[in-house]
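Secondary and tertiary structure notes
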Amino acid sequence: MLKNLGIGLLLVLTAVIAQAEDYKAGINYEVIALPVPTAVKGKVEVVEAFGYLCPHCATFEPMLHSWTKNLSDDVNFIRTPVVFSRSWEPLARAYYTADLLKVVDKTHQPTFDALHKERRRFRSLDDLADFYADLGVDKAKFTKMNGSFAVNMRMNQGASKLKGYGIKSVPTLIINGKYLVTAEKAGGHSGMLKVAEYLIAQERNTK
């Protein structure tokens, strides 16, 4: 019985290794030509490039949220909103505003829900401020922060990094400033997380 158990475990291990070895650059993920510096030394960085107006990002968010809760302490997870057009900018600013006010935990999913489940549209800063106020964010603080130097700086830094990554679609995961993982390459949203785990382990082993 112990012999059979040992053989079974060996087969499982072999299958896992074989699956990991199937992840190939250019096939399951892309290699960034010029790696982008990461924010925290000594940690493996995972960046999600997303947009609130993107329906695929809205679908991915609950799965990603659960996944991030199980990340080890040596992984630094960062969200970066993408601005593909002028209509994306107000919501990107809203994300950075919420982040600086430390209220993302109570605003992030509701923003996706408002846009993609309730079909709400925010046509002005006042619309956004009212919506965030309904979520418990002080309206005056939100409005002031939204137009602040700090948010402008975060917008510029985010745009610079995203340009360095060469982002073409969202959601995209960027692993340690070196690799791009998309649903198209990874075979869906769950595949993105599996490829990300493989690349995280790979980067962890090179530290």
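These figures come from a predicted structure and were not determined experimentally. (Residues numbered from 1 in each chain as written. Predicted model: local features only at pLDDT ≥ 70, side-chain atom pairs only at ≥ 80, totals over all residues. Heavy atoms only, no water.)

**As for the confidence of the model for the protein chain**
Predicted confidence across the protein chain gives a mean pLDDT of 92, with 89% of residues reaching 70 or more. Note on residues 2-18: pLDDT under 50 across the span, and zero contacts to partners over four residues away in sequence or across chains. (pLDDT = per-residue confidence, 0-100. Contact = heavy atoms within 4.5 Å.)

**Let's talk about the sheet that holds strand S5 (residues 179-182)**
What the five strands build is an open sheet, ordered S1-S5-S4-S2-S3; its pairing is mixed. The open sheet has two edge strands, strand S1 (30-31) and strand S3 (75-81), and neither has a second partner. Direction of pairing for strand S2 (residues 44-50) relative to S3: parallel, over a ladder of seven bridges. Bridge pairing in S3 places Val44 opposite Val75. Relative to S2, helix H2 (residues 55-68) is tilted by about 160 degrees, and along the sheet it contacts S2, S3 and strand S4 (172-175). Contacting S2, S3, S4 and S5, helix H7 (residues 149-165) crosses the sheet at an angle of about 100 degrees to S2. (Pairing = 2+ DSSP bridges. Helix = DSSP H or I, 4+ residues; strand = E, 2+ residues; numbered from the N terminus. Axes fitted to C-alpha atoms, helices over the stretch in contact; angles between N-to-C directions.)

**Notes on the nonpolar core**
One finds Tyr132, Tyr165, Ile167, Val170 and Ile174 to be the most contacted residues of the largest nonpolar core, which totals 37 residues. Taken together, the elements giving at least two residues each to this core come down to S2, H2, helix H3 (89-100), helix H4 (104-116), helix H5 (125-134) and H7. Top element by residues in this core is H3. It accounts for six residues. Setting aside its immediate chain neighbours within four residues, Tyr165 contacts Ile32, Val36, Glu45, Val47, Ile174, Gly177 and Leu180. In this structure, Tyr23, Phe60, Trp67 and Leu193 belong to the second largest nonpolar core, which totals 19 residues. (Core = buried A, V, L, I, M, F, W, Y, C linked by side-chain atoms within 4.5 Å. Buried < 20%, exposed > 50% of the residue type's maximum accessible area, 1.4 Å probe, protein only.)

**Thoughts on the packing of H2 against helix H9 (residues 189-205)**
Between H2 and H9, whose axes approach to 10 Å, the crossing angle comes to 45 degrees. As far as their axial angle goes, H9 and H2 are oblique. The hand of the H2/H9 crossing is right-handed. In this structure, H2 contributes His56, Thr59, Phe60, Met63, Leu64 and Trp67 to the contact, and H9 contributes His189, Ser190, Met192, Leu193, Ala196, Glu197 and Ile200. Classifying every residue of the contact of H2 with H9 by side-chain character gives eight nonpolar, four polar and one charged. (Parallel < 35°, antiparallel > 145°, perpendicular 65-115°, else oblique. Left-handed = near helix turned anticlockwise from the far one by under 90°. Nonpolar A, V, L, I, M, F, W, Y, C, P; charged D, E, K, R; others polar.)

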